[in-house]
Amino acid sequence: MKLTAIVGDLRKALAEEVRAGERAASRAVRDETDALKQELRQQVTGSLGGKARGIANAWRSQVYPRTGVSMRAAGLVWSKTPMVIDAFERGALIRPKGCGRFLAIATGFNAPRGWRGRGDKGLRVTPAQMVASGQGFLRPFKSGRGFVWCLPLRQGEQTGRRRRTRLIAGGVAEVGTANRKGREAWARGLLERGMVPMFLLLPQVKLAKRLDVQGASLRALRRLPRRFVAAWEAEAARSAA
């Protein structure tokens, strides 16, 4: 067995190695914590679309200790919208609260001026206002599993460069009539028949399982030892130089 002599102060060499390990541990935990947060944010935008960017950005992270370095460094990743994340991770079944029979799901036409949040200060027409207006009426789904809650449509003048027609829904809301594709195009037929689909009334909604938070966390834990070793080797190379 070949022995290598230690040149210099052994206590000093060990202390420097411990400090290198502390820096490596803190760096590995910080990098992996940030990588996990970014992966979870990408899961949300990839599964729920660009309109869920607010939910994606609700993922936050913190590394401990907040200052300095430690061999016992730890990272925490959490969401400011935990109920939403949990629902899409489990594929939750959502039912009305209490004695309610239906969930009222806004179609987007309930914004006071146009489609999806373009109303004054983001205001929305609520189910209570629909009832108070006395003009709401129901159109059953062909499947018989729910209803479309509508308001009568009134024709208005054309406005804007694209000559969009300004429509009034039951004297309660203005409706934007921009060209729509995909799921949003289904309402065109109702609009042509003088009805504005304000809410969908459904007895329950089963969310698809779209997120895998646990899987992302386990992958991060498996990557962490490799990050730690690589960071410690980088610290050793830096000290040798």
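The structure this text deals with has already been given above.
Calculation criteria
The residue count restarts for each chain, going from 1 along the sequence in the order it is written. Note on the predicted model: pLDDT of at least 70 is required for a residue's local features to be given, and 80 or more for side-chain atom pairs to be given and counted; whole-chain, interface and lining totals, by contrast, use all residues. To get the side-chain values, take all heavy atoms of the structure and skip hydrogens and water. Strands are runs of DSSP state E lasting at least two residues, helices are runs of H or I lasting at least four, and both sets are numbered from the N terminus onward. Burial here depends on accessible area, computed with a 1.4 Å probe over protein chains only, as a share of the maximum for the residue type. Under 20% is buried, over 50% is exposed, and the range in between is partly exposed. Note on contacts: a residue pair qualifies if any of its non-hydrogen atoms lie within 4.5 Å across the two residues. Calculation of accessible area relied on Shrake-Rupley with a 1.4 Å probe; when residues are assessed, cover is drawn exclusively from the protein chains displayed. Two strands are counted as paired when DSSP detects at least two bridges linking them. Aromatic contacts are taken between Phe, Tyr and Trp rings whose centres are within 6.5 Å, Trp giving its six-membered ring; a plane angle under 30 degrees counts as stacked, one over 60 as edge-to-face, and the others as tilted. Only C-alpha atoms enter the line fits that serve as axes; for helices the fit covers just the stretch in contact. Angles between N-to-C directions range over 0 to 180 degrees. Rotating anticlockwise by less than a right angle from the far helix to the near helix defines a left-handed crossing, while the corresponding clockwise rotation defines a right-handed one. Nonpolar core, defined: a set of buried Ala, Val, Leu, Ile, Met, Phe, Trp, Tyr and Cys residues in which side-chain atoms within 4.5 Å join the residues together. Patches were defined on residues exceeding 30% relative accessible area and lacking a salt bridge, with like-charge contacts within 9 Å and nonpolar side-chain contacts (Val, Leu, Ile, Met, Phe, Trp, Tyr) within 5 Å. Should a side-chain nitrogen of Lys or Arg be within 4 Å of a carboxyl oxygen of Asp or Glu, the pair is scored as a salt bridge.

(A) Layout of the overall build of the protein chain. A tally of regular secondary structure across the protein chain gives 6 helices and 12 strands. Out of the 241 residues belonging to the protein chain, those deemed buried represent 32%. Sequence separation of 24 or more characterises 60% of the internal contacts of the protein chain that already satisfy a separation of 6 or more. Surface accessibility of the protein chain: about 16100 Å² in total, with carbon and sulfur atoms responsible for 54%.

(B) A look at unusual backbone geometry. Along the chain, Tyr64 connects to Pro65 via a cis peptide bond; the corresponding omega equals 0°. By the element assignment, Pro65 lies in the loop between strand S1 (59-64) and strand S2 (74-79).

(C) Representation of the pairing of strand S11 (residues 195-202) in the model. Counting buried residues in S11 gives 7 out of 8 residues, a clear majority hidden from the surface. Here strand S4 (residues 103-106) pairs with S11 via 4 bridges, running antiparallel. Counted as the bridge partner of Ala106 is Phe199 from S11.

(D) Focus on the packing of aromatic side chains. For the structure on display, the rule yields 3 aromatic pairs. Between the aromatic rings of Phe228 and Trp232, the centroid separation amounts to 5.2 Å while the plane-to-plane angle is 50°, which identifies the pairing as tilted. Here Phe228 and its partner Trp232 are both found in helix H6 (residues 213-240), 4 residues apart, which amounts to about one turn of the helix. On the basis of relative accessible area, Phe228 is assigned to the partly exposed category, the value being 22%. According to the relative accessible area criterion, Trp232 is partly exposed, its value standing at 26%.

(E) Spotlight on the packing of helix H1 (residues 10-48) against H6. For the pair H1 and H6, the least separation of the axes is 7 Å and the interaxial angle reads 145°. At the point where H1 passes H6, the crossing takes the right-handed sense.

(F) Fine view of the nonpolar core. One finds Leu36, Leu40, Val44, Trp59 and Ile85 to be the most contacted residues of the largest nonpolar core, which totals 16 residues. Taken together, the elements giving at least two residues each to this core come down to H1, helix H3 (82-90) and H6. Among all residues touching Val44, those that are not within four sequence positions of it are Gly49, Ala52, Ile55, Ala56, Trp59, Ile85 and Leu211. Membership of the second largest hydrophobic core comes to 11 residues, among which are Met130, Leu151, Val196 and Phe199.

(G) Just a nonpolar patch on the surface, in detail. Nonpolar side chains collect at one region of the surface, where Tyr64, Leu76 and Trp78 lie side by side and expose about 260 Å² of accessible area between them. Mapped onto the elements, Tyr64 comes out in strand S1.

(H) Here's a closer look at the pattern of salt bridges. The tally for this structure, following the rule as stated, stands at 9 salt bridges. As a salt-bridge pair, Arg227 and Glu32 come within 2.3 Å of each other at their nearest N and O atoms. Residue Arg227 is found in helix H6, and its partner Glu32 is found in helix H1; the two are separated by 195 residues along the sequence. Among the ionic pairs, Asp86 bridges to Arg90, the shortest N-O distance being 2.7 Å. In this pair, Asp86 and Arg90 are both assigned in helix H3, 4 residues apart and thus about one turn of the helix distant. Of the residues examined, Asp86 reaches a relative accessible area of 33% and is grouped as partly exposed.

(I) Looking closely at the environment of Ser79. Among the structural elements, Ser79 can be located in strand S2. With a relative accessible area of 12%, Ser79 lands in the buried category. In this structure, the C-alpha to C-alpha distance between Ser79 and Trp59, residues 20 residues apart in sequence, is 4.3 Å. Setting aside residues no more than four positions away along its own chain, Ser79 makes contact with Ala58, Trp59 and Ile85.

The values reported here are purely geometric and, on their own, carry no functional implication.
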